[in-house]
Amino acid sequence: MKKIASFATLLAVLIVMLHACSKDEKAVAPPVPGNEFLTTVQLKVTNAANPADVQTASWKDLTPDDPDGVDISKAVLNLKPNSTYKVEVLFLDETQSPAGDVTEEIKERQNYHLICFSNSAGLNLTVQRTDKDTNTPALEVGLEDQFTTGPASTGTLNLQLRHQPNLKNGSCEPGSTDADVDFTVNIK
Amino acid sequence: MKIVITSLLAAVLLTSVLSVQAQNKKDARSFIGITGGLSLPGGDYSKGDYNNDQSGFAKTGFNIGVTGAYYFKHSHFGIGGILSYTHYGFKNAQGLADGYKEAFDVDSSTVYIKGNNQTINILVGPYYTVPLGKLSLDFRLLGGLVNATLPGNEVYLEDGLDNRLKQDKSTASAFGWQGGAAIRYTIVPHIGVFAGVDYFYSKPNFSIDNENRPVNAGRKIDGYHTAISGVQTNLGLVYEFGK
């Protein structure tokens, strides 16, 4: 009886000790090759004063491994001075046929994506993002924007798609860059 | 599952009650002992689905404990209890890692599971025994306190700085119960062994803290109120009182 009682007491102590112990388990989800590409960035610009005044600028790189493969021949916007434009940013994967719509994916994952714009010096263009995500509080996304032009000028508009997983805070700094492209903007 | 177990228990109980009427009345033997065996969780608690917020990620584990019962004089009824610890493995940590990777659209993610699914159970309740010579059939229905722990996790997205999100380990207590039956066999005077099976149930209400979750994306569990239930099998060694 004494032996069993002692053993039972030891077991009770063991139970408490086991309850307090823990061992970490680790699992890794590694990179998977063959993710889709983002080959094309488009700006679809509509004049707020004239909905028929629509133009699309397109930056394209179908060969990401070839630095000379970028096609910027259509990455040009010709805007009127002192005007307001409604802008849509579109992302495509043109390695597929028909082209894959990456924009919809980014919209689904808007809570950790942000599109950042910056002008070269002298370009009289103001960019304002007009869409917001579903974070709390809601943060801007940039798939929909408003361009406001000033007096005539020419320069470069840089667009970056920032990927900010669990990092998005409204600024462009955190995260990594999914796309970094330049458009020539002529205001005349 | 519940219906099957309940039906089995009822059938065994009925058979035993009928058989005991046919045999000579004999005093039940009170006992104290140690017990251990497999714990097989069921329901959502045993699921490892990233997209199901009720998933408990518990897989088959073990239980150990001390148990005993005191049978009233000239009666087959008694009162007893158990103090036990149940430990479950973690099911599908890889599924969590894959889920977070997909949810945040990152190249890779690493998940560390912090702690274990486990419970400490302090249960008491009525026992009924059918003595059959060296054999006894013990039936019990116990209720009491269940203190449960839900493991936490740390998720690292890619290799970004400060890109770690965390679900803290949490504990909660609730009323729980278990019911089952065991066959006890006296090997030598006062020493016996038993084998049994029980169904267990509790439903603690966990409140879970999360750290570094600035954006609304990925699996995030703020609370967990799902039944911890299943079947456990036990083997044990007992000291029996009386003649």
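Calculation rules
- The numbering scheme is per chain: residues are counted from 1 as the chain's sequence reads.
- Working convention: letters from A go to chains and numbers from 1 go to ligands, in the order in which they are written.
- Where totals are concerned, whole chains, interfaces and linings use all residues; where local detail is concerned, this predicted model gives features only for residues with pLDDT of at least 70, and gives and counts side-chain atom pairs only at 80 or more.
- Excluded from the side-chain calculations are hydrogens and water; all other atoms, namely the structure's heavy atoms, are used.
- Secondary structure elements follow DSSP: runs of H or I no shorter than four residues count as helices, runs of E no shorter than two count as strands, and numbering proceeds from the N terminus.
- Between buried and exposed lies partly exposed: a residue is buried under 20% and exposed over 50% of the maximum accessible area for its type, with that area taken using a 1.4 Å probe on protein chains only.
- Contacts are residue-level and defined by heavy atoms, with any inter-residue pair within 4.5 Å sufficient.
- Reported accessibility uses the Shrake-Rupley method at a 1.4 Å probe radius. Residues are deemed covered only where the shown protein chains occlude them.
- Any two cysteine sulfur atoms within 2.5 Å of one another count as a disulfide.
- One requirement defines pairing of two strands: DSSP has to find at least two bridges between them.
- As a rule, the C-alpha atoms of each element are fitted with a line to give its axis, helices using only the stretch in contact, and angles between N-to-C directions run from 0 to 180 degrees.
- Any Lys or Arg side-chain nitrogen found within 4 Å of a carboxyl oxygen on Asp or Glu counts as a salt bridge.

Chain B goes by Porin family protein in an unreviewed UniProt entry, where it is assigned to Chitinophaga agrisoli.

Chain A is annotated in an unreviewed UniProt entry as Type 1 periplasmic binding fold superfamily protein of Chitinophaga agrisoli.

Participant: Which parts of the structure should I look at to understand the overall build of chain B?
Facilitator: Within chain B, the secondary structure is distributed over two helices and 14 strands. The proportion of buried residues among the 243 residues of chain B is 56%. Across chain B, every contact between residues at least 6 apart in sequence was considered, and the portion connecting residues at least 24 apart equals 73%. Looking at chain B as shown, the accessible area adds up to about 10,800 Å², and 62% of this sits on carbon and sulfur atoms.

Participant: It is not clear to me how the overall build of chain A should be interpreted in this structure. Could you clarify?
Facilitator: Secondary structure summary: chain A contains two helices and twelve strands in total. By the burial criterion, 41% of the 188 residues in chain A qualify as buried.

Participant: Help me out: how do you make sense of the state of the cysteines in this one?
Facilitator: Covalent bonding between the sulfur atoms of two cysteines defines a disulfide. All names here are of chain A. Scanning the entire structure with this criterion turns up one disulfide over all chains. Two residues, C116 and C172, share a disulfide whose sulfurs are 2.0 Å apart. For the disulfide bridge between C116 and C172, the dihedral angle about the S-S bond is near -110 degrees, and by the sign convention the bridge is left-handed. Taken as a pair, C116 in strand β8 (residues 113-119) and C172 in the loop between β11 (153-163) and β12 (176-187) lie far apart in primary sequence, 56 residues in all. The class of C116 is buried, set by a relative accessible area of 6%.

Participant: What is the right way to look at the sheet that holds strand β8 (residues 164-167) of chain B in this model?
Facilitator: The strands making up a sheet associate through backbone hydrogen bonding, with each pair oriented either parallel or antiparallel. The five strands lie next to each other as β1(A)-β4(B)-β7(B)-β8(B)-β12(B), forming an open sheet whose pairing is antiparallel. Looking at the sheet topology across the chains shown, the edges are occupied by β1 (25-29) of chain A together with β12 (210-211) of chain B. Pairing geometry for strand β7 (residues 152-157) of chain B and β8 of chain B, over four bridges, is antiparallel. Across the sheet, E154 of chain B pairs through a bridge with K166 of chain B, a residue of β8 of chain B.

Participant: I'm lost on the sheet that holds strand β6 (residues 135-150) of chain B in this one. Help?
Facilitator: All names here are of chain B. An order of β1-β2-β3-β5-β6-β9-β10-β14 is seen for the eight strands of this closed barrel, with the pairing classed as antiparallel. With direction set aside, neighbouring strand axes in the sheet form an average angle of 25 degrees. Pairing of strand β2 (residues 58-71) with strand β3 (residues 77-90), which is carried by twelve bridges, proceeds in the antiparallel orientation. Counted as the bridge partner of T67 is I82 from β3.

Participant: Hey, could you run me through helix α2 (residues 93-103) of chain B in this one?
Facilitator: Quick reminder: α-helices carry 3.6 residues per turn. Residues three or four places apart thus point the same way. When α2 of chain B is considered as a whole, its buried residues turn out to be A93, G95, L96, A97, G99, Y100 and K101 of chain B. Its buried side turned inward, α2 of chain B meets β1 of chain A together with β3, β4 (109-114), β7 and β8 of chain B. Phi turns positive one or two residues past the end of α2 of chain B, at D105 of chain B, with a value near 55 degrees.

Participant: Which parts of the structure should I look at to understand the pattern of salt bridges?
Facilitator: Residues and elements named next belong to chain B. Tallied over the entire structure, the rule returns 15 salt bridges over all chains. In this structure, E240 engages R29 in a salt bridge whose closest nitrogen and oxygen atoms are separated by 3.4 Å. You can see E240 sitting in strand β14 (residues 228-240) and its partner R29 sitting in the loop between α1 (2-22) and β1 (31-42), a full 211 residues away along the chain. Its relative accessible area of 10% is what places R29 among the buried residues. One salt bridge connects E211 with R164, and the closest N-O pair in it is separated by 3.9 Å. With E211 in strand β12 and R164 in strand β8, this residue pair connects regions lying 47 residues apart in the sequence. In the salt-bridge network here, residues are joined through shared partners; they are E154, R164, K166, D168 and E211.

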